[in-house]
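# Survey of secondary and tertiary structure
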Amino acid sequence: MEPQQEKHNSGTLASGPEYSAESIKVLEGLEAVRKRPHMYIRGVGTEGLHHLVYEVVDNAVDEALAGHASTVEMTIHTNGSLSVQDDGRGIPVGPHPTESMDTLDVVMTKLHSGGKFDQGSYKVSGGLHGVGVSCVNALSEYLEVEVYRNGKLYQQRYECGVPTGKVVQAGPTSLRGTKVTFKPDATVLEATEFNFDILSNRMRELAFLNPGLHITMRDERTGKSHDFKYEGGIVAYVELLNTNKTLIFPQPISVRGELNGSEVHVALQWNDGFDEKVFSFANNINTVDGGPHLIGFKSALTRTVIKYGEASNAWKEIKESPSGEDIREGLTCVVSVKIPGAQFEGNLKGKLVNTEAKTLVEQMVGDKLSSYWEENPAIAKRVMLKVADAARARIAARKARETVRRKGALDSASLPGKLADCQERDPSKCELYIVEGDSAGGSAKQGRDRRTQAILPLRGKILNVEKARFDRMLASESIATMITAIGTGIHDEFAIDKLRYHKIILMTDADVDGSHIRTLLLTFFYRQMHDVIAHTLADGALKHHLYIAQPPLYRVSKGKKELYLKDDAALDAHLLTLGTETAVVRGQGVEKLSGEKLKGLLDIVLQYRRLLGRVDKRHDSRVVDAALSGTLLDAQMLKGSDALPAQVTALTDALKKAHPNETLVVLVVQDTVPGASVPGQSVPGARVPGASKILVSLGHDGAMRDTQLDEAFLAGKDFSELKRLQKEFSGLGKAPYELTSAAGVHDAQNPIELVDMVKKAASKGFEIQRYKGLGEMNPEQLWETTMDPARRTLLEVHADDVAEAELMFTTLMGDAVEPRRDFIEKHALDVTNLDI
Amino acid sequence: MTDLRSDLHLASMTHCPSCKSEVKPRVENAAFPFCTERCRAVDLGRWFLGAYRVPGPPAPSDEQRPEPDEADEPER
């Protein structure tokens, strides 16, 4: 093409005589852009401003796509202008064959001009939607273009899209390519300040999408610069997106192919997360709204994964095929297509229109992925496992929600039939008692205040898992009923303001079984309805809605007088108070004791006995008690003290005296441990005597019970605590103790016997009833003791408490049978007394 | 109770009950005590599938229900 071009003057638009028809057309075109910029670019704000840059950059990238350029340089200048330079062929210069002006002016001033609409020039064009660089020109205070072509430099300058003169040749150059510098026009655009980070993101994206393309960025305002070049293309993009993620397999899968001038490239990889990150591009345009290419990809991925999984039995357990979403869980993927004549639609032109792209991508990706799975069975297996996990979760959750939803909308008409609702409609005045068992539920229904108290009997389903014991679970029906009654819904439908009762009260039996059910319920609330346990009000305060009822364990009555006591400790305290009102104790070597002082000492004896009871799970409490009360044994003595034999004899004597009719065997054994018998002289394999252990076998119910008193136990927390308590109640003096009470005068051989005698004397004339379940109480009793707001005590449940219950639950639930049984045995008592 | 509490503190509460991965604190995690809503959904599914059981009463052949703490059995 002839570079010189003086014949045609594109004209200064103001000069009347030169005003040609062509110029008018140009004026109309670019004036339209300036009058209605939003029709051509993405608004006059930040997005529109950067859109201008992309238009210019896309021209440069098009040169690269066509194989003519390899480098794009962007510079943001201090005066608010920006320049983009490529090393491509340079925009053609010289007379345009049909327009009566220079080709460069045609490109820069005519809308819908340029080579992109001629598929011959650019096989594939990323050019944005055809508005082209002329649009940028129209919206620029000035735009300068330099063309390095055929060893010559051509320059032209425009102001508001109008050429300020003719294209001039400014001398020879060794460069090739085009450089466009423009300053956005503040009279049309609201935003004129370029954002380096926004531009940087797009430049990096372009570098990923065009492997090998070198893009440099320099911000002269700040000195910042970036340099992007990715030989790996979108594979490198996927790797970047997956940074710091745990990957299912190390290298992204790369699928690419070409057909009839169209290119498809897909890179995909799964991480162990649950997010789906799929990005699609067509001709370098980020198709945020997708299009046929994305649909084609998803369809191919779903099809090949389901097919391979079927063949490898991966869906056997879940009994249905995974969904596309299951398959894309944890997937990071970039889909890039380059097709001739790409068209876009949508508000932000973010959707590809070309329908042929679907079949193209679907077939190409389908074929290649199928082969990939076949050729990489280890990776395929990991993907199938991941997908099956996702599907299993989805299916289980769906079933759960369906069950809840089947219960219907939360109007009173569809409330569960088992619920005995209250009359009050103001939730802040309403209480819901969740009661375990039908019989207790019946009592609660009769005993309640029906104005404000609703009752929901809950049936714990019993399953016979082993011969010796049943397991309990919450029937799914019960859970659904409970959720419906509470009214908040669940998960994404959860709304605390729909809570129908501001107090939800768990009422279970005061035994181990009841506490297990309570643990189950607490765990359910903690996990699934956390806000019911605690949610933050607008003023920042925490609000709690979950409570535990405190049904009494004992009823103590005498004639018409009755008293309910919540647990063993309360009963003990009551009987001690009663008993020490009249009792007088004379121990050996101390003054007579009575009243408060006696009560305090006896209370410590009770603490001692309770701890002894706990220790008894592992160590025979009779032996431990004898060791504490009859000997001076301690851990130190076991490590080779001369005092040991005498203490062992003392222990034997104490046990004989306390249990004269039981068989008794006491042994002292000494282990050897590796070590040198002479310090400093180590002999391989030499052993020295270690600490001793006392083994005691004592008859119990016709069998022998073995207990080992070793260093670990005697140095342990329980033993030293027992010792401390024992020291504290030594104020009682030595045995025997003479007790004078309402029941007469009796001798006690040890402190424990003494406490029991005091309690026994106190309970004379009283009837003590131990409740084994709520069902044993009649409605009136239940009301008086547990439900009457004026008299009851409720424990407010806090999240921290439940965190512990939940952990206990996890242990109770554990799959391994043995640890579970151990745990239950070890904590059976603790569970009963769990003070939440 | 002391035994139980110390045992409980041995295990960390910062792990998701469903997938055992780390859990962000509740203030920044709507799915607490789970790591994600999906894990919470899986858990709900398990409740409904009856996967969660606790030890219940002994089988009928054992007529006597064991008292958890005989030492505390009161005098009548």
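Parameters and conventions
Counting from 1, residues in each chain are numbered in the order their sequence is written. By the order in which they are written, chains take letters starting at A while ligands take numbers starting at 1. In view of the model being predicted, local features appear only for residues whose pLDDT reaches at least 70, and side-chain atom pairs are presented and counted only at 80 or more, with totals across whole chains, interfaces and linings using the full set of residues. Side-chain calculation: all heavy atoms of the structure are included, whereas hydrogens and water are not. Helix numbering and strand numbering both begin at the N terminus, where a helix is a DSSP run of H or I of at least 4 residues and a strand a DSSP run of E of at least 2. Whether two residues are in contact is decided by their heavy atoms: any pair within 4.5 Å suffices. In this description, accessible areas are obtained by the Shrake-Rupley approach with a 1.4 Å probe, and a residue is regarded as covered only by the protein chains that are shown. A pair is scored as a salt bridge if a Lys or Arg side-chain nitrogen falls within 4 Å of a carboxyl oxygen belonging to Asp or Glu. Remark: exposure states derive from per-residue accessible area (1.4 Å probe, protein chains only) relative to the maximum for the residue type, with buried under 20%, exposed over 50%, and partly exposed in between. What pLDDT expresses is the predictor's confidence in each residue, scored from 0 to 100. A patch is a set of surface residues, each over 30% in relative accessible area and not in a salt bridge, joined within 9 Å for like charges and within 5 Å for the nonpolar side chains Val, Leu, Ile, Met, Phe, Trp and Tyr. Here the arc refers to the directions that run from the helix axis out to each C-beta atom. A pair of aromatic rings is counted whenever rings of Phe, Tyr or Trp (Trp by its six-membered ring) have centres within 6.5 Å, and the orientation is called stacked for planes under 30 degrees apart, edge-to-face for over 60 and tilted otherwise. Any two strands with at least two DSSP-identified bridges between them are counted as paired. Working convention: axes come from line fits to C-alpha atoms, limited for helices to the stretch in contact. Angles between N-to-C directions cover 0 to 180 degrees.

A separate point is the overall build of chain B. Each helix and strand in chain B was counted, giving two helices and one strand. If you list the helices and strands of chain B from N to C, you get α-α-β. Taking the intrachain contacts of chain B between residues at least 6 apart in sequence as the baseline, contacts between residues at least 24 apart amount to 9%. Element-wise, carbon and sulfur atoms account for 55% of the exposed surface of chain B, whose accessible area totals about 4200 Å².

All names here are of chain A. Taken as a whole, this structure holds 33 salt bridges over all chains when the rule is applied. D185 is the salt-bridge partner of R34, the closest N and O atoms lying 3.0 Å from each other. Here the residue R34 occupies a position in helix 1 (residues 21-35), and D185 occupies one in the loop between strand 7 (177-184) and helix 5 (196-209), the gap between them amounting to 151 residues. By relative accessible area, R34 is classed as buried at 18%. Judged by its relative accessible area of 4%, D185 is buried. The closest approach of N and O atoms between R610 and D572, which form a salt bridge, is 3.2 Å. Highlighted residues: R610 in helix 16 (residues 595-615) and D572 in helix 15 (residues 568-580), separated in sequence by 38 residues. Through salt bridges with shared partners, a single ionic network connects D58, R202 and E205.

This brings us to the confidence of the model for chain A. Residue and element names in this part refer to chain A. Mean pLDDT over chain A works out to 83, with 85% of the residues at or above the 70 mark. Every residue in residues 1-27 scores below 50 in pLDDT, and together they form 49 contacts with partners more than four places removed in sequence or on other chains. Every residue in residues 823-836 scores below 50 in pLDDT, and together they form 42 contacts with partners more than four places removed in sequence or on other chains.

A grouping of V665, L667 and M704 of chain A is seen on the molecular surface, where their side chains present a nonpolar patch of about 250 Å² in accessible area. If you trace the backbone, V665 of chain A turns up in strand 29 (residues 664-674).

Let us look at helix 11 (residues 438-447) of chain A. All names here are of chain A. Buried within helix 11 are the following residues: A440, G441, S443, A444 and G447. Relative to the axis of helix 11, the buried residues are bounded by an arc of 160° and lie together on one face. Opposite the packed face of helix 11, turned more than 90 degrees from it, sit the exposed residues S439 and Q446. Buried positions along helix 11 lie against strand 17 (431-436), strand 18 (453-458), strand 21 (503-507) and helix 22 (779-787).

Here we take up the packing of aromatic side chains. Residues and elements named next belong to chain A. Under the counting rule described, the total for this entry stands at 14 aromatic pairs over all chains. Ring centres 6.4 Å apart and planes at 45° place the aromatic pair Y237 and F281 in the tilted group. You can see Y237 sitting in helix 6 (residues 234-241) and its partner F281 sitting in strand 12 (residues 277-282), a full 44 residues away along the chain. Given a relative accessible area of 9%, Y237 falls into the buried group. Judged by its relative accessible area of 0%, F281 is buried. A network of ring pairs unites the aromatic residues F208, Y230, Y237, F279 and F281 as a single cluster.

A separate point is unusual backbone geometry. For the bond running from F32 of chain B to P33 of chain B, omega is 5°, close enough to zero to count as cis. With respect to the secondary-structure elements, P33 of chain B resides in the loop between helix 1 (2-10) and helix 2 (37-48). Of note in this structure, N150 of chain A is not a glycine but carries a positive phi near 50°. One can find N150 of chain A in the loop between strand 3 (140-149) and strand 4 (152-159). Judged by its relative accessible area of 59%, N150 of chain A falls in the exposed class. Of note in this structure, D701 of chain A is not a glycine but carries a positive phi near 50°. If you trace the backbone, D701 of chain A turns up in the loop between strand 30 (687-700) and strand 31 (703-709). The exposure class of D701 of chain A is exposed, given its relative accessible area of 72%.

Time to look at the environment of L240 of chain A. Residue and element names in this part refer to chain A. Mapped onto the elements of the fold, L240 is located in helix 6. L240 sits in the partly exposed class, given a relative accessible area of 35%. Sequence-distant contacts of L240, that is, excluding residues within four places in its chain, are made with R204 and F208.

Another point: the sheet that holds strand 18 of chain A. All names here are of chain A. Read from one edge of the open sheet, five strands run 18-17-21-24-35, paired in mixed fashion. Strands at the two margins of the open sheet, each flanked by one partner only, are strand 18 and strand 35 (794-796). Taken pair by pair, the neighbouring strands of this sheet meet at an average axis angle of 25°, ignoring direction. Direction of pairing for strand 17 relative to strand 21: parallel, over a ladder of five bridges. Across the sheet, L432 pairs through a bridge with I504, a residue of strand 21. Contacting strand 17, strand 18, strand 21 and strand 24 (546-549), helix 13 (residues 512-528) runs over the sheet at an angle of about 150° to strand 21.

The next thing to look at is helix 6 of chain A. Residue and element names in this part refer to chain A. Among the eight residues in helix 6, six count as buried, and that is most of the element. What helix 6 keeps buried is the set I234, V235, A236, Y237, V238 and L241. Looking at the buried residues of helix 6, the elements they touch are helix 5, strand 10 (253-259), strand 11 (262-270), strand 12 and strand 14 (331-338).

What follows covers the pairing of strand 32 (residues 734-741) of chain A. Taken residue by residue, a regular strand's side chains alternate between the two faces of the sheet. Residues and elements named next belong to chain A. Where strand 27 (residues 584-588) lies against strand 32, four bridges are found, and the strand directions are antiparallel. What sits directly across from V585, in strand 32, is L739. Sheet topology places strand 32 next to strand 33 (residues 744-748); five bridges connect them, and they run antiparallel. Counterpart to L739 in the pairing with strand 33 is H746. Counted along the chain from strand 32 to the antiparallel partner strand 33, the turn is two residues long.

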